[in-house]
Amino acid sequence: MTGAGVVVVGSANLDLVLAVERLVRPGETVLAQGVSRNPGGKGANQAVAAARGGAATAFLGAVGDDADGRVLTAALVDAGVDTRLLRVVDAPSGLAVIGVETSGENAIVVAAGANAVPVSLTPADEQAIDGSAVVLAQLEVPLELVVAAGARARAAGVRMVLNAAPVRTLPDALWAVLDVLVVNEHEAVVLAGAADDPRAAAVALLERVPEVLLTLGAEGALYVARRTDPVVVPGRRVPAVDTTGAGDTFCGVLVAALATGVPTEAAAERANVAASLSVQRAGAIPSVPTRDEVDAVLAAH
Ligand code: RIB
């Protein structure tokens, strides 16, 4: 298999979304105002965002042999994502239960299911990685798979981007092959260990990775890289309906631009616009904007 500018290694989940006035607290029961079921999962969201962002995109992940798996596969295909590297495994498809409160904030619990089944890189996976410009991964799938994909990317001279979500300690073997790290404030502080301030944490992480993008929600993003001054990507004030998947949209659109040679700073500006469009719509995959929508916003400024 050849031709994918971007290979996304990651999870696919069916998102069960409960609209609530406010997120539930421990020991509490609250009534939802509405329920919806959407295709999601950080990997699938990012693959769709890369494809809608204009990149030929392949998705390397797993679903179960069930109705949710078929919904997830169809959503990827509908978005133009190449699903030939998608495995159908002997486990239920991943499920995420997501509370979304009126402010647009969310809380997510994931039952990994098929995403947690150990998988190794096949010759087809390796060929796809070797022929790509960028590999993008997150941490909702076995770490061994992410490390293997990263090592393969590094050996092939392909750029490796990691969105360290949900955050966990990274092995040296993964740090060694990363080119770009995308983290939110919480993830930056956890990964840096010592620093409490997310911006200081992002700078500290440059000891492990050449480029870091710190996403700051409505405040935009901060780009830091070795030997250059930090760059602020300003936030866009928009009415947020649902922030689910906004970080994934950022990552997918970022790598779609990187795959065509756009410098990281300018790619982050596109990604920031795309994320600001996604929060104005409900759902993860349903909220991902097209390249034309992003271009229209950029042209208006
Ligand atoms: O980042 C949002 C995603 O996190 C949701 O789509 C959910 O499936 C979880 O993976």
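No experiment lies behind these values; they were computed from the predicted model shown.

Caption draft 1: Here's a closer look at the sheet that holds strand β7 (residues 94-101). What the 4 strands build is an open sheet, ordered β3-β2-β7-β8; its pairing is mixed. Single-partner strands in this sheet number two, and they are β3 (34-40) and β8 (106-111). With strand direction ignored, the average angle separating the axes of adjacent strands in the sheet is 20°. Here 6 bridges tie β7 to β8, and the two strands are oriented antiparallel to one another. Residue I98 lies in a different strand from β8, and its bridge partner there is I108.

Caption draft 2: Region of interest: the sheet that holds strand β4 (residues 57-60). Taken together, the 8 strands give an open sheet; going across it, the order is β4-β1-β9-β10-β11-β12-β13-β14, and neighbouring strands pair in mixed fashion. Two strands in the sheet have a free side with no partner beyond their single neighbour: β4 and β14 (231-234). For this sheet the average axis-to-axis angle between neighbouring strands, irrespective of direction, equals 20°. Contacts from helix α4 (residues 143-156) reach β1 (6-9), β4, β9 (134-137) and β10 (159-163) within the one sheet, and its direction differs from that of β10 by about 155°. Where helix α9 (residues 264-278) meets the sheet, it contacts β10, β12 (211-215), β13 (220-225) and β14, and its direction lies at approximately 20° from that of β14.

Caption draft 3: Spatial organisation of the site of the ligand. Taken together, N13, D15, G40, G41, K42, N45, A96, I108, E140, G245, D248 and A284 make up the full set of residues adjacent to the ligand. In the environment of the ligand, an oxygen atom lies 2.6 Å from a nitrogen or oxygen atom belonging to the side chain of D15. N45 is positioned such that a nitrogen or oxygen atom in its side chain is 3.0 Å from an oxygen atom of the ligand. Of all the elements in the fold, those that place two or more residues in the shell around the ligand are β2 (13-20) and α1 (42-52). Of the residues in the shell around the ligand, the class split is 3 nonpolar, 5 polar and 4 charged.

Definitions and limits used
- Residues numbered from 1 in each chain as written.
- Predicted model: local features only at pLDDT ≥ 70, side-chain atom pairs only at ≥ 80, totals over all residues.
- Heavy atoms only, no water.
- Pairing = 2+ DSSP bridges.
- Helix = DSSP H or I, 4+ residues; strand = E, 2+ residues; numbered from the N terminus.
- Axes fitted to C-alpha atoms, helices over the stretch in contact; angles between N-to-C directions.
- Contact = heavy atoms within 4.5 Å.
- Near = heavy atom within 4 Å.
- Polar contact = N/O pair within 3.5 Å; in protein donor to acceptor, adjacent residues only side chain to side chain.
- Nonpolar A, V, L, I, M, F, W, Y, C, P; charged D, E, K, R; others polar.

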